[in-house]
Amino acid sequence: MNMLIFLIPIALFLGGLGLFAFLWSLKSGQYEDLDGAAWRVISEADDKPDA
């Protein structure tokens, strides 16, 4: 039972950290163009850098 004193705050902190990361990713526009990344994977354009 003494371990619950440590585990509950740690679980709440990690859950809050995950929520903060998710909200930050929403605000920074990570989910704006979901189809663009999928099409870039299968496009045949030559995106290799000129070396």
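Residues numbered from 1 in each chain as written. Predicted model: local features only at pLDDT ≥ 70, side-chain atom pairs only at ≥ 80, totals over all residues. Heavy atoms only, no water.

**What to know about the packing of aromatic side chains**
How we decide: Pairing of aromatic side chains requires ring centres within 6.5 Å, counting the rings of Phe and Tyr and the six-membered ring of Trp. Pairs whose planes differ by under 30 degrees are stacked, by over 60 edge-to-face, and all others tilted. Throughout, exposure labels follow a simple rule: accessible area from a 1.4 Å probe, protein chains only, divided by the maximum for the residue type, with under 20% read as buried, over 50% as exposed, and the rest as partly exposed.
As enumerated under the stated definition, the model contains one aromatic pair in all. Ring geometry for Phe-22 and Tyr-31: centres 6.2 Å apart, planes at 50°, overall tilted. In this structure Phe-22 comes out as partly exposed when scored by relative accessible area, which is 41%.

**Details of the side chain of Ser-25**
The condition that has to hold: Here a strand is any run of E in DSSP of at least two residues, a helix any run of H or I of at least four, and the numbering for each starts at the N terminus. By definition, residues are in contact when any of their heavy atoms lie within 4.5 Å.
Along the chain, Ser-25 falls in helix α1 (residues 2-27). Setting aside anything within four residues of it in sequence, one finds Ser-25 in contact with Gln-30 and Tyr-31.

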